[in-house]
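# Residue-level structure breakdown
So you can see what is in the structure, the chains are spelled out below.
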Amino acid sequence: MIQKADNPTERNFKDELALGLPIQISGSMAKWPAFKLWQSAEYIKQSHRDLPCSVFTAKVGEPLVASPNRVSWHELIDYFWYGTRIKSLPDPERIYLKQTNFNNFPELKKDLVNPSFFSAPMVETNLWMGERGCNSPLHFDYIDNLICQVTGKKIIKLIAPKYTPLLSPCFLDSDRAEKLGLGNNFSFYQSTNELKLDDSSESLNIFEVELSAGEILYIPPLWWHEVDTIKGPSISVNFWYATRYGTRIPRNELTSEQTLLNPMLSMFQS
Ligand SMILES: O=C(O)CCC(=O)C(=O)O
């Protein structure tokens, strides 16, 4: 079972954090203006009406890939909330606005409240907006992460870093990683459903978290996670914080499995 915390203070959270496990947090978004204001599609739409946005799209049975066509913010909102077709996109099955820096959305950024229980330096705040069926493949990040669900619902599957050797991680080549929107991460291209585990892996433990509107999931660095949107329109905000591993590992160091495993294994040996 995943740890849960209700409206933690900075002090409570530090104690929980010391355990190095994911934590599902409730009660800490109640005062976010976004939590009320973003219930209105019209409010969201007017905030950045004509802003061009880069999105990921997928045809039936295929993974989401970066679309060469940009779409305006108001078209996206009309699509997600009212089902209006976007003419410039060739009839996709799914559309996902992934990991888009909130600096592009100054009007909406005003409606966020930085979580007061987390005290590390913040690196980036991103917007994720999608519909049922949107997915982020299994991967991990080197930094502390808070995923805050404002509308809709997601299922997040989590695997502890100690299981990495059982997962036989594979690197995506950089073109493919870019296309799938995983350019800055070490990535693992299989989903948890497709894991080909050998007999020794019976004890692999996959945590499954259902994240509803108003809830936050803390994902510690190096924890594998796969994210599925199960109810749309879904808006998530994620905050990344600098940690002992720094912020990002330069792409040119992503060359071997050793690079991936060393920091993780040394963590477990220490
Ligand atoms: O919500 C998603 O689709 C993915 C989020 C994620 O992978 C992250 O915040 O690191």
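From a predicted model like this one, the values you see are computed outputs, not experimental measurements.

### With respect to the nonpolar core
Within the largest apolar cluster, 51 residues are counted, with the highest numbers of intra-cluster contacts made by Ile216 and Leu217. If you tally residues by element for this core, the top one is strand β8 (residues 144-159), at seven residues. If near-sequence neighbours (up to four positions away) are discounted, Ile216 is found in contact with Ile25, Ser28, Met29, Pro115, Leu146, Ile147 and Cys148.

### Considering the pairing of strand β3 (residues 52-58)
Where β3 lies against strand β4 (residues 65-72), five bridges are found, and the strand directions are antiparallel. Pairing of Ser54 across the sheet is with Arg70, part of β4. Hairpin connection, β3 to β4: the antiparallel pair is bridged by six residues, and Gly61 has positive phi, about 75 degrees. Direction of pairing for β3 relative to strand β5 (residues 94-101): antiparallel, over a ladder of three bridges. Within β5, the residue paired with Thr57 across the bridge is Ile95.

### Observations concerning the pairing of strand β2 (residues 23-26)
Summarising the sheet, strand β1 (residues 3-6) and β2 pair through four bridges and their orientation is parallel. Looking at the pairing, Ala5 lines up with Ile25 of β2. You can see the chain leave β1, run along helix α1 (residues 10-17) and come back into β2, and the turn it takes is right-handed. Pairing analysis gives three bridges linking β2 to strand β11 (residues 216-219), with the strands arranged antiparallel. Following the sheet pairing, Ile23 is matched in β11 by Tyr218.

### Considering the site of the ligand
Taken together, the residues surrounding the ligand are Trp128, Ser136, Asp141, Asn145, Ile147, His225, Val227, Ser236 and Asn238. For the shell around the ligand, the secondary-structure elements that each account for two or more residues are β8 and β12 (224-241). With four residues, β12 is the largest single contributor of residues to the shell around the ligand. Counted by class, the shell around the ligand contains three nonpolar, five polar and one charged residues.

### A short note on the confidence of the model for the chain
Per-residue confidence for the chain gives a mean pLDDT of 82, with 76% of residues at or over 70. The model gives residues 183-187 a pLDDT under 50, and that stretch makes 14 contacts with residues more than four places away or in other chains. Across residues 247-270, confidence stays below pLDDT 50; counting only partners more than four residues off in sequence or on other chains, it has 22 contacts.

Scoring rules and cut-offs
- Residues numbered from 1 in each chain as written.
- Predicted model: local features only at pLDDT ≥ 70, side-chain atom pairs only at ≥ 80, totals over all residues.
- Core = buried A, V, L, I, M, F, W, Y, C linked by C-beta atoms within 7 Å.
- Buried ≥ 20, exposed ≤ 12 C-beta atoms within 10 Å, placed from the backbone.
- Helix = DSSP H or I, 4+ residues; strand = E, 2+ residues; numbered from the N terminus.
- Contact = placed C-beta atoms within 7 Å.
- Pairing = 2+ DSSP bridges.
- Right-handed = clockwise from strand over helix to strand, strands pointing away.
- Near = placed C-beta within 6 Å.
- Nonpolar A, V, L, I, M, F, W, Y, C, P; charged D, E, K, R; others polar.
- pLDDT = per-residue confidence, 0-100.

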